[in-house]
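Per-entry structural report
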Amino acid sequence: MDNWDEIRTAFQVARMGTVSGAAEVLGVHHATVIRHIDALEGRLGVRLFQRHARGYTATEAGQDLLRVAQTTDDQFAQLQGRLKGQGSGVTGELVVTSLGGMSHMLVPVLAKFQADHPGLIVRYLTSTRLFRLEYGEAHVAIRAGTAPDQPDNVVRKLFDQRFGLFAAKSYIEANGMPKDETDHKGHSYVGYDDADNRAPFGKWLRRIVPEEQIIFRASDMRAQSEAVLAGAGIGFLPLLQARQQGNLVPVGAVLDEWSAPIWVVTHMDLHRTAKVQAFLEVLRPAAKAWDV
């Protein structure tokens, strides 16, 4: 590993997925990128990438290299900032991941954080899959449910996200108000399409409401929220989001069993980097307002 230029090139190819994309980021000719990859693979004696018509996909060995290169790149950036007397500077990329249903909370925080640090590029990735922090897929992960137990991660409780049952005023006008949260007779509901979804409120809905009455189903919490707002049926929304809407009516009581603990997760190798610490310093106070 005596040539950082080659490793950095491989890192950019893995991140961008194409030779041309990596060449543009690095400011070199695409032939230089190919030469670096070939030389590094020859020196290591392993294939780092699968070549195909759409570009380059990292092999398992390539993913290992990506993890090490991402960590090294971040640590070099932090060291450079300290050496220049700018240890508090936040530049490069900050990659944050969460479930899509949390975007209404996180996007304003991320937008302000980026505005406060003009040299920073924010990448916000929303998905149900767990991005692998150990492979450098994200710097900060916001996760719901059971406390994450992956090794080498730093895990802290962020807040408890509380949910309630709501219906649009138009739905209530057309169908009447249930007497409480368990009065489902004659009513329609919005829920998850996946019967195995682990969200506490989703499990409750499947247990209490007959399946044929869950007439609008979606895999994404944002889509479910939109369906409730559109009057498709009664469904769950985060209390914070529901209170920002003027067209919703609460249905019954809010049960503690519907709440989901939310965790902030970082990898131990990147936890102390300037940009991660700076983001956590603004995320934690913001989360106090979400714990309603």
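Right, let's talk about the sheet that holds strand β7 (residues 163-168) for a bit. Strand order in the open sheet formed by 3 strands is β10-β7-β11, and the pairing between neighbours is antiparallel. Two strands in the sheet have a free side with no partner beyond their single neighbour: β10 (235-238) and β11 (248-250). Geometrically, the sheet is characterised by an average inter-axis angle of 55 degrees between neighbouring strands, direction not taken into account. Pairing of β7 with β11, which is carried by 3 bridges, proceeds in the antiparallel orientation. Each residue of the ladder has a partner; that of Ala-167, found in β11, is Val-249. Across the sheet, helix α8 (residues 221-229) touches β7, β10 and β11, and the angle it forms with β10 is around 115 degrees.

Our next topic: the pattern of salt bridges. Per the stated rule, a full pass over the model turns up 12 salt bridges. Here Arg-123 makes a salt bridge to Glu-93, at a shortest N to O gap of 3.5 Å. One end of the pair, Arg-123, is in strand β4 (residues 120-126); the other, Glu-93, is in strand β3 (residues 92-98), and 30 residues separate them in sequence. Here Arg-123 falls in the partly exposed class, since its relative accessible area comes to 31%. One salt bridge in this structure joins Lys-112 and Asp-116, with 2.9 Å as the shortest N-O distance. Residue Lys-112 and its partner Asp-116 are located together in helix α5 (residues 103-116), separated by 4 residues, close to a single helical turn. By relative accessible area, Lys-112 is classed as exposed at 55%. Among the charged side chains, a salt-bridge network with shared partners connects Asp-38, Glu-41, Arg-47 and Arg-51.

Let us now look at the sheet that holds β4. Pairing within the open sheet is mixed, and its 5 strands lie in the order β4-β3-β5-β12-β6. Each edge of the open sheet carries a strand with a single partner, namely β4 and β6 (153-161). With strand direction ignored, the average angle separating the axes of adjacent strands in the sheet is 20 degrees. Alignment of β6 against strand β12 (residues 260-267), held across 8 bridges, turns out to be antiparallel. Pairing of Val-155 across the sheet is with Val-265, part of β12.

The next thing to look at is the packing of aromatic side chains. Summed over the entire model, instances satisfying the criterion amount to 9 aromatic pairs. Ring plane angle 40 degrees and centroid distance 5.2 Å describe the contact between Phe-201 and Phe-236, whose orientation is recorded as tilted. Residue Phe-201 is located in helix α7 (residues 200-208), and its partner Phe-236 is located in strand β10; the two are separated by 35 residues in the primary sequence. Ring geometry for Trp-204 against Phe-236: centres 5.9 Å apart, planes inclined by 90 degrees, an arrangement best described as edge-to-face. With Trp-204 in helix α7 and Phe-236 in strand β10, this pair connects stretches of sequence that are 32 residues apart. The aromatic ring of Trp-263 is capped on one face by Lys-157, whose charged end is 5.7 Å from the ring centroid.

Conventions and cut-offs
- Residues numbered from 1 in each chain as written.
- Predicted model: local features only at pLDDT ≥ 70, side-chain atom pairs only at ≥ 80, totals over all residues.
- Heavy atoms only, no water.
- Pairing = 2+ DSSP bridges.
- Helix = DSSP H or I, 4+ residues; strand = E, 2+ residues; numbered from the N terminus.
- Axes fitted to C-alpha atoms, helices over the stretch in contact; angles between N-to-C directions.
- Contact = heavy atoms within 4.5 Å.
- Salt bridge = Lys/Arg side-chain N within 4 Å of Asp/Glu carboxyl O.
- Buried < 20%, exposed > 50% of the residue type's maximum accessible area, 1.4 Å probe, protein only.
- Phe/Tyr/Trp six-rings, centres within 6.5 Å; stacked < 30°, edge-to-face > 60°.
- Lys NZ or Arg CZ within 6 Å of the ring centre and 35° of its normal.

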